[in-house]
There are 2 protein chains.
Amino acid sequence: MAKEKKLVESITPRDEDFAQWYTDVVREAELCDYSSVKGCLNYLPNGYAIWELIQADLDKRFKETGVENVYLPTLIPESLLEKEADHIEGFAPEVAWVTHGGMERLQERLCIRPTSETLFCDLWAKTVQSYRDLPKVWNQWNTVLRWEKTTRPFLRSREFLWQEGHTIHATYEEAEERTIQMLHVYEDCYKETLAIPFVSGRKAEHEKFAGAQDTYTIEALMHDGKALQSATSHFFGSGFPDAFGIKYVDKNNQLQSVYETSCGWSTRSIGALIMVHGDDSGLVLPPHVAPVECRIIPIAQHKEGVLDRSFALLDELKKAGYRVKIDDSDKSTGWKFSEQEMLGIPTRIEIGPKDIEKNQVVVVRRDNREKIVVSLDEIAVKLRDILEQEQQDMYDRANEFLQSHIDTATTMDEMVEKFKANRGFVKACWCGDPECEGEVKYATGGAATRCLIEDEEMISDKCIWCGKPAKHMAYWGKSY
Amino acid sequence: MAKEKKLVESITPRDEDFAQWYTDVVREAELCDYSSVKGCLNYLPNGYAIWELIQADLDKRFKETGVENVYLPTLIPESLLEKEADHIEGFAPEVAWVTHGGMERLQERLCIRPTSETLFCDLWAKTVQSYRDLPKVWNQWNTVLRWEKTTRPFLRSREFLWQEGHTIHATYEEAEERTIQMLHVYEDCYKETLAIPFVSGRKAEHEKFAGAQDTYTIEALMHDGKALQSATSHFFGSGFPDAFGIKYVDKNNQLQSVYETSCGWSTRSIGALIMVHGDDSGLVLPPHVAPVECRIIPIAQHKEGVLDRSFALLDELKKAGYRVKIDDSDKSTGWKFSEQEMLGIPTRIEIGPKDIEKNQVVVVRRDNREKIVVSLDEIAVKLRDILEQEQQDMYDRANEFLQSHIDTATTMDEMVEKFKANRGFVKACWCGDPECEGEVKYATGGAATRCLIEDEEMISDKCIWCGKPAKHMAYWGKSY
């Protein structure tokens with residue numbers, strides 16, 4: 001009983017202290033924890049299994065667009081990192097340096113990659129010669145390291161898991177198209193697989209990736225009203241590859257520049273899952289990324305026939321392709337329910353002597369706790385429908401939250417008022433000057449442009465801060 | 001034509017210079033190449049795709065035995081690496097050290113993991129308390145770094161891709177059983193998926209993994225008669241976890257030690273695939289790990305209807321679940337055949353105007369160049385049979401080679417003679433003294449014990465070198 005009490009009380013209520021709630025859920029659901037290396041995480045089975053499902057889904061989407069996977073080294077020579085000026089300026093302050101190999105001091109320092117544009121360009125400079133060698137549409141699943149000062153599980157850690165896509169193309173247009181295509185792949189995965197809605201678009205000039213010409217971003221809204229930059233796609237033009245001397249001979253025997261893109265999606269997405277869908281009982285996982293879609297919990301399992309029938313059901317559901325487990329431990333039923341909820345398992349099946357008598361089970365959805373009585377004859381089919389409905393409902397609910405947290409402002413008074421309530425995104429117009437953005441940020445207690453809105457009519461022709469002609473309309477928000 | 005000539009002539013004949021042949025195949029099949037960081041590889045699409053198939057196969061086998069995947073950090077604090085004496089002695093000379101993070105000098109050096117036993121034990125020391133927390137049967141897919149002096153693609157490089165399994169158990173017996181179980185998983189994967197036969201068994205005392213009580217190995221035989229240590233499974237007893245202070249409270253409330261295992265399989269396995277199955281025309285991939293199982297090559301593709309019918313076939317085979325591609329480039333047919341062979345694609349389908357007239361295609365197997373005429377009505381079914389037959393034949397052929405390259409020796413004269421011909425494995429008995437092994441190694445030009453033979457009657461009761469009572473019979477061989 002002592003432990004049962006602990007499970008219920010171990011989570012701070014979400015609306016009382018969101019940051020503490022987040023930390024509690026990560027800990028109690030055993031998703032990850034800090035290792036002995038400051039700022040680096042141990043990704044535990046419950047957390048890593050979510051990542052594996054995200055990976056599988058995203059990798060499939062990539063390959064449908066022609067992406068090939070590769071693996072390039074963990075280490076980058078200092079001279080290589082320095083080849084593109086903006087890039088080194090952006091990353092030098094936050095890399096880890098290897099200075100000794102075995103017993104010897106190295107002649108040149110090597111950094112652990114913070115991102116791999118330089119390695120890809122170095123490889124292509126040596127291997128790309130002709131138009132026949134283009135395009136290269138590559139990706140790698142790996143970890144990168146950035147020497148962050150403050151860290152939070154999944155959201156910001158020194159080492160994190162991600163994929164980084166890197167491509168080069170013969171023309172500007174093709175590369176630009178690929179940049180947008182990868183943004184769309186990310187959007188589809190966020191929406192269909194993670195059940196997370198978002199706003200998306202181009203980043204303001206000063207918010208671009210180090211060395212990029214354009215950066216596109218997906219900005220999801222967390223339950224506390226803060227935005228999370230959730231995945232990014234970058235267009236480099238030919239500047240970056242030119243710095244590495246990548247050239248190709250076209251069909252007319254002319255030497256040409258190539259055009260580059262890169263894109264990245266990290267384990268941050270697990271943080272988004274927690275903060276968009278979680279509740280006071282713990283994690284709530286969308287079925288598509290739930291390592292266990294259903295946990296069978298036998299009721300009064302000591303009674304004759306209950307465990308037998310439960311295990312028969314387990315087999316049946318496994319054969320039907322479900323990710324399903326059974327909890328036949330000696331814990332109390334109440335504890336089992338709490339644990340299934342804490343882990344965010346999308347459904348539990350309660351099966352007891354009376355259910356068996358009536359040839360039925362009770363399916364309980366995690367997201368809304370709806371109880372659905374299903375005939376044992378139909379469960380292997382109906383469970384899929386229930387899970388799909390839950391997936392859809394979770395998206396709809398999150399989207400309703402997002403849409404009801406997008407406001408507009410044409411004056412600073414409005415802007416400040418909206419952000420006082422920590423209300424999510426606010427659409428407002430802006431002259432494009434980072435100094436004006438800085439003033440707005442100060443006045444609102446942290447709200448900055450998250451991305452530009454380029455497909456809607458501007459709601460004002462003046463910058464919300466300085467009153468000069470507005471160049472952009474943008475989503476503004478506080479962020480992680 | 002210039003390029004066509006190059007393709008044919010670009011590979012050194014295998015029996016003329018095996019090492020050069022290997023390098024040529026790796027290069028021409030574009031599997032990997034060296035990066036700007038000395039001794040570190042770029043794994044290119046053709047090579048990495050093989051690794052992805054191996055990973056998927058092995059991961060499925062792991063999970064069937066209850067393995068859970070995790071991810072622990074890349075970096076290990078020096079003090080942690082030093083906790084187990086044998087382990088640090090084995091690895092200290094070959095690790096890379098991080099001394100600076102961002103702009104700061106670190107207070108303690110961090111090494112890039114050469115293997116992760118210390119990280120797993122550190123985590124478990126903090127989290128394992130009760131018998132309820134056991135066993136832990138974990139695995140991670142990652143890269144490790146060892147500062148090797150001489151390197152060869154896939155066989156030995158400073159950074160390499162692998163999986164490392166780590167488990168702890170409540171009893172000695174359970175851990176020992178897991179050690180053997182993982183060896184068996186490896187054996188099954190080598191045999192069924194890579195079509196590679198092997199000998200396997202326990203390593204001699206002085207050949208064990210640093211810190212292990214027992215190491216089990218799979219030793220495959222390459223075409224040049226040298227053995228390749230292909231995967232290993234280690235039993236640590238309780239010594240290693242004791243050094244980290246991992247203890248649990250058993251059902252009787254007594255504090256107990258845990259028993260540990262680890263196991264590893266790396267991209268070396270790609271080297272084995274090349275050296276066991278490859279031939280003078282390039283790579284020969286077993287269908288189960290071939291990224292492309294079949295390449296369709298239209299004959300006289302400019303003639304009406306050929307490309308249409310070829311693409312219809314491509315669609316049909318894709319829908320039937322084959323990994324299939326088409327080569328409709330403007331290269332000559334001879335070049336296309338050479339390229340398909342170089343890449344080791346297990347089958348090509350030749351389809352020309354006459355074939356279409358007769359409603360048939362010609363399937364050509366890569367391994368033995370057998371041509372099989374198949375009706376277009378049946379190809380989607382028959383191709384699977386052809387591929388499965390090829391997979392089986394490749395194993396049988398490699399096994400015949402292995403079995404015909406296992407000899408026995410009871411005298412040093414015999415031993416020396418067998419190894420003069422570079423003939424593979426020789427069974428011989430041994431007192432267990434590393435010095436005797438050293439003498440044999442010198443006399444034979446490099447043959448040492450590869451693994452002990454513990455389930456057969458000993459062919460002699462004397463050590464082949466010193467004549468003292470034999471303690472072991474072993475497979476001896478030269479090795480990579």
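The following refers to the structure shown. The residue count restarts for each chain, going from 1 along the sequence in the order it is written. Chains and ligands are labelled sequentially in the order written, the chains with letters from A and the ligands with numbers from 1. With the structure being a predicted model, the display of local features is reserved for residues of pLDDT at least 70 and the display and counting of side-chain atom pairs for 80 or more, all residues being used for whole-chain, interface and lining totals. Only hydrogens and water are set aside when side-chain values are computed; all heavy atoms of the structure are taken into account.

Focus on the packing of helix 14 (residues 412–420) of chain B against helix 15 (residues 434–444) of chain B
Residue and element names in this part refer to chain B.
In step 1: A fitted line through C-alpha atoms serves as each axis, taken over the contacting stretch for helices, and the angle formed by two N-to-C directions is quoted from 0 to 180°. For the purposes of this entry, the term helix denotes a DSSP run of H or I that reaches at least four residues, the term strand denotes a run of E that reaches at least two, and both are numbered from the N terminus. In the contact formed by helix 14 and helix 15, the axes pass within 9 Å of each other and the chain directions differ by 50 degrees. The orientation of helix 14 with respect to helix 15, classified from their angle, is oblique. Between helix 14 and helix 15 lies a crossing of right-handed hand. Residues Met412, Met415, Val416 and Phe419 of helix 14 form the contact with helix 15, whose participating residues are Val440, Ala443 and Thr444.
In step 2: By the convention adopted, Pro, Cys, Tyr, Trp, Phe, Met, Ile, Leu, Val and Ala count as nonpolar, Lys, Arg, Asp and Glu as charged, and the other residues, Gly among them, as polar. Taken together, the residues of the contact of helix 14 with helix 15 break down into six nonpolar, one polar and no charged. Roughly parallel here means an angle under 35 degrees, roughly antiparallel means over 145, roughly perpendicular means 65 to 115, and every remaining angle is called oblique. Handedness of a crossing is defined here by the sense of rotation of the near helix relative to the far one, left-handed for an anticlockwise turn of less than a right angle and right-handed for a clockwise turn. In this analysis, two residues are considered to be in contact whenever any of their non-hydrogen atoms come within 4.5 Å of each other.

Considering the packing of aromatic side chains
Residues and elements named next belong to chain A.
In step 1: A pair of Phe, Tyr and Trp rings is counted when the ring centres sit within 6.5 Å of each other, with Trp represented by its six-membered ring. The angle between the planes then sorts it: under 30 degrees is stacked, over 60 is edge-to-face, the rest tilted. Enumeration according to the criterion identifies 39 aromatic pairs over all chains in this entry.
In step 2: The interplanar angle of 10 degrees and the centroid separation of 5.6 Å between the aromatic rings of Phe240 and Phe244 together place this pair among those described as stacked.
In step 3: Burial classification: accessible surface area is computed with a 1.4 Å probe over protein chains only, and a residue below 20% of its type maximum counts as buried, one above 50% as exposed, and the rest as partly exposed. By relative accessible area, Phe240 is classed as buried at 0%.
In step 4: Note on Phe244: relative accessible area 5%, which makes it buried.
In step 5: Feature note: the residues Trp51, Phe62, Trp141, Tyr186, Tyr190 and Trp265 constitute an aromatic cluster, connected by ring pairs.
In step 6: When the NZ atom of lysine or the CZ atom of arginine is within 6 Å of a ring's centre and also within 35 degrees of its normal, the charge is said to sit over that ring. Across from the ring centre of Tyr480, 4.8 Å away, lies the NZ or CZ of Lys226, which sits over that ring.

Considering the interface of chain B and chain A
In step 1: Each partner contributes residues to the interface: chain B has 53 residues there, and chain A has 53 residues.
In step 2: A quick way to say it: buried area is the sum, across both parts, of accessible area lost when two parts are put together, with a 1.4 Å probe. Buried area between chain B and chain A, both sides added, is near 4,200 Å², and the carbon and sulfur share of it is 60%.
In step 3: Any pair of nitrogen or oxygen atoms within 3.5 Å is treated as a polar contact; in protein, a donor-acceptor pairing is required on top of that, and neighbouring residues in sequence qualify only through side-chain atoms on both sides. Where chain B meets chain A, there are 21 residue pairs in polar contact (both at pLDDT 80 or more).
In step 4: The dominant element in the side of chain B that touches chain A, judged by the number of residues it contributes, is strand 5 (residues 96–101) of chain B, at six residues.
In step 5: Looking at the side of chain B that touches chain A residue by residue, the classes come out as 29 nonpolar, eleven polar and 13 charged.

Quick notes on helix 3 (residues 45–64) of chain B
In step 1: How far a helix is expected to stretch is found by multiplying one less than its residue total by 1.5 Å. Along its 20 residues, helix 3 of chain B runs 29 Å from first to last C-alpha, staying within 8% of the 28 Å computed at 1.5 Å per residue.
In step 2: For helix 3 of chain B, a buried count of 14 out of 20 residues is recorded, marking the element as mostly surrounded by other parts of the structure.

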